[in-house]
Amino acid sequence: MLIANVFQQLYNVVDSIIVGNFVGKEALAAVGASFPVLFVLISLLLGVSSGITVVVSQFFGAKNYDKVVKTINTFFVFIFFASLVMSALGIYFARDIFVLLHLPADVMDPAVEYLQIYLGGLIFMFGFYGTNAILRGLGDSKTPLYFTIFSTLTNIILDLIFVLRFGWGIKGVAYASVIAQALAFALVTFFINRGDSLIHFSLKNMKFDWDLFLKSIKIGLPTGLQQSFVALGMIAILRLVNDFGTNTVAAFTVASRLNSFASMPAMALSAALSAFVGQNIGANEIGRVRQGYKVSLVIASIISVTVSLILWFFGHAVMGIFTPDEKVIAIGYNYLVIVSSFYLIFSSMFITQGVLRGAGDTLIPMFITLFALWILRIPFSYILSRPSFGLGVDGIWWGIPLAWSFGFTASYIYYKMGKWKTKSVVKK
């Protein structure tokens with residue numbers, strides 16, 4: 001799962017490297033400005049999808065394969081119609097969204113162009129991500145990895161062809177991503193239809209089960225709302241960043257990409273732990289859940305400290321891969337030093353919430369995340385970045401570890417209370 005996530009992140013990273021070096025820092029800022037908007041549009045759907053994945057893993061652990069198949073069919077019907085609606089809304093309101101964010105004028109047109117093209121292929125992205133999520137819920141993390149690698153390599157090749165050979169600029173990068181995801185979804189669909197998997201695409205058998213959907217919504221909606229408010233929080237942070245000009249937006253684009261990479265070990269372990277917890281709760285093995293939590297914490301802690309040291313010593317050089325602009329590099333490096341100092345706390349928070357999600361207990365983690373983001377991170381980022389504090393744009397970055405510290409503390413206290421043990425959809 002970690003390797004698959006690394007390749008998935010290469011979509012945005014390769015886009016950023018190519019536009020930063022061959023198109024310009026305005027295009028680099030445009031790609032970065034589009035990401036939080038994309039995240040807002042897709043996070044609610046992905047959150048609901050995570051609820052369906054939990055239901056699938058618990059039924060699978062209980063060996064109730066009929067319910068597994070029905071849940072999967074329900075998921076795909078939902079994804080199809082929901083992605084069409086979100087694509088239409090995003091394309092229509094793309095420019096209005098960036099106007100509200102006060103995006104710098106020299107970034108506006110390329111950002112709108114990139115976002116609209118990307119959203120046109122949303123149905124392929126959801127289909128591909130959704131299929132991978134279900135396979136992982138069933139315990140198969142290798143098949144998603146192989147097709148994610150294929151998709152990423154295809155995206156890199158098309159990026160180079162469309163930008164360097166055809167000279168399409170930022171729209172070439174967007175088209176490359178859409179085509180790569182469409183091809184990967186088509187291939188993974190063909191592959192699973194040929195095998196013995198519980199997943200089979202057949203329009204005749206594609207029936208929507210309201211009872212299973214409502215069970216999934218009960219688990220997934222809090223996660224979806226949580227991710228939506230996190231995404232809106234990213235937009236609020238971007239709004240603060242935009243006030244400091246194009247150099248800062250470009251630096252934020254690169255540094256946040258690197259931060260996403262650094263966060264992936266904890267996020268992959270958390271996702272793996274959620275599937276592990278779901279299957280073991282379905283099988284009534286609570287002791288294994290606790291053991292899995294402790295082991296995941298140890299692994300995540302070792303990786304987090306290692307990544308922090310790498311970014312402290314080599315962060316400036318890594319920033320230089322994306323852009324030759326020294327001002328952009330300096331701003332981004334300060335971001336990396338401040339944020340990476342607290343990766344140990346971030347990973348512990350994510351691992352703890354992974355247990356709660358796998359158990360189907362998603363409501364309290366949602367409130368914890370919303371409080372950390374909207375009551376702590378955004379207000380403090382705003383206050384600390386004001387001229388009276390003398391921190392400038394670095395004040396925005398200091399709001400991040402403050403929110404992580406509260407998130408971990410509150411999540412761990414709730415985990416120790418033990419109420420998550422009563423949330424299973426499979427009754428024993």
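The coordinates are above.
This write-up is about the structure you can find in this document. Since this is a predicted model, take the numbers as computed values, not measurements. (Residues numbered from 1 in each chain as written. Predicted model: local features only at pLDDT ≥ 70, side-chain atom pairs only at ≥ 80, totals over all residues. Heavy atoms only, no water.)

What about a positive patch on the surface?
- Where like charges cluster on the molecular surface, the positive patch consists of Arg290, Lys294, Lys416 and Lys421.
- Structurally, the position occupied by Arg290 is in helix α10 (residues 286-322). (Patch = residues over 30% accessible without salt bridge, like charges linked within 9 Å, V, L, I, M, F, W, Y side chains within 5 Å. Areas by Shrake-Rupley, 256 points an atom, 1.4 Å probe, with all protein chains shown as cover. Salt bridge = Lys/Arg side-chain N within 4 Å of Asp/Glu carboxyl O. Lys, Arg positive; Asp, Glu negative; His and termini not counted. Charge placed at Lys NZ, Arg CZ, Asp CG, Glu CD. Helix = DSSP H or I, 4+ residues; strand = E, 2+ residues; numbered from the N terminus.)

A closer look at the packing of aromatic side chains
- All chains considered together, the criterion is met by 27 aromatic pairs.
- For the pair Trp210 and Phe213, a centre-to-centre distance of 5.8 Å together with 85° between the ring planes defines the contact as edge-to-face. Highlighted residues: Trp210 and Phe213, both in helix α8 (residues 210-242), separated by 3 residues, approximately one helical turn.
- Given a relative accessible area of 57%, Trp210 falls into the exposed group.
- Every member of this aromatic cluster is reached through a ring pair, and the members are Tyr293, Phe408, Tyr412, Tyr415 and Trp420. (Phe/Tyr/Trp six-rings, centres within 6.5 Å; stacked < 30°, edge-to-face > 60°. Buried < 20%, exposed > 50% of the residue type's maximum accessible area, 1.4 Å probe, protein only.)

Describing the environment of Thr306
- Mapped onto the secondary structure, Thr306 falls in helix α10.
- On the basis of relative accessibility, which here comes to 40%, the residue Thr306 falls in the partly exposed class.
- For Thr306, the side chain forms a polar contact with the main-chain oxygen of Ile302, separated by 2.9 Å. (Polar contact = N/O pair within 3.5 Å; in protein donor to acceptor, adjacent residues only side chain to side chain.)

Brief notes about the side chain of Thr352
- Position of Thr352 among the secondary structure elements: in helix α12 (residues 343-358).
- At 2.8 Å, the side chain of Thr352 forms a polar contact with the side chain of Tyr293.

Focus on the packing of α8 against helix α13 (residues 363-384)
- Viewed as axis vectors pointing N to C, α8 and α13 meet at an angle of 5°, and their least axial separation amounts to 9 Å. In terms of axis orientation, α8 runs roughly parallel to α13. In contact with Pro222, Leu225, Gln226, Phe229, Val230, Leu232, Gly233, Ala236, Ile237 and Leu240 of α8, α13 contributes Leu363, Pro365, Met366, Thr369, Leu370, Leu373, Trp374, Arg377, Ile378, Ser381 and Tyr382.
- Within the contact of α8 with α13, the residues separate by chemical class into 16 nonpolar, 4 polar and 1 charged. (Axes fitted to C-alpha atoms, helices over the stretch in contact; angles between N-to-C directions. Parallel < 35°, antiparallel > 145°, perpendicular 65-115°, else oblique. Contact = heavy atoms within 4.5 Å. Nonpolar A, V, L, I, M, F, W, Y, C, P; charged D, E, K, R; others polar.)

What about the environment of Ser341?
- Along the chain, the position of Ser341 falls in the loop between α11 (326-340) and α12.
- For Ser341 and Lys327, which are 14 residues apart along the polypeptide, the C-alpha to C-alpha distance reads 22 Å.
- Of the polar contacts made by the side chain of Ser341, one reaches the side chain of Trp312; its length is 3.4 Å.

Some points on unusual backbone geometry
- The phi dihedral of His102 is positive, around 55°, even though this residue is not glycine.
- In this fold, His102 is placed in the loop between α3 (65-100) and α4 (105-120).
- Looking at His102, the relative accessible area reads 49%, which means it is partly exposed.
- Even without a glycine there, the phi angle at Asn284 is positive, about 65°.
- Structurally, the position occupied by Asn284 is in the loop between α9 (246-282) and α10.
- Taking relative accessible area as the criterion, Asn284 reaches 48% and is therefore assigned partly exposed.

Some remarks on the packing of α11 against helix α14 (residues 394-417)
- The contact between α11 and α14 brings their axes to 9 Å, and the two run at 20°. For the element pair α11 / α14, the angle class is roughly parallel. The crossing of α11 and α14 is right-handed. Listed contacts from α14 to Ile331, Asn334, Tyr335, Ile338 and Val339 of α11 are Asp394, Trp397, Trp398, Ile400 and Trp404.
- The residue inventory of the contact of α11 with α14, partitioned by class, reads 8 nonpolar, 1 polar and 1 charged. (Left-handed = near helix turned anticlockwise from the far one by under 90°.)

Structural notes on the pattern of salt bridges
- Under the criterion given, the structure shown has 5 salt bridges.
- The closest approach of N and O atoms between Asp325 and Lys25, which form a salt bridge, is 3.6 Å. In this pair, Asp325 sits in the loop between α10 and α11 while Lys25 sits in helix α2 (residues 25-61), placing the two residues 300 residues apart along the sequence.
- In this structure, the salt-bridge partner of Arg95 is Asp109, at a minimum N-O distance of 3.0 Å. Of this pair, Arg95 sits in helix α3 while Asp109 sits in helix α4, placing them 14 residues apart in sequence.
- In this structure Arg95 comes out as partly exposed when scored by relative accessible area, which is 39%.

Describing a nonpolar patch on the surface
- On the surface, Phe150, Ile157, Ile161, Phe166, Trp168, Tyr175, Ile179, Leu183 and Leu187 cluster together into a nonpolar patch covering about 770 Å² of accessible area.
- At the level of secondary structure, the elements contributing two or more residues to the nonpolar patch comprise α6 (142-165) and α7 (170-194).
- If one sorts the elements of the nonpolar patch by residue count, α7 sits on top with 4 residues.
- Relative to the assigned elements, Trp168 resides in the loop between α6 and α7.
- Overall, Trp168 belongs to the partly exposed group, its relative accessible area being 35%.

Purely spatial values, then, with no claim about function.
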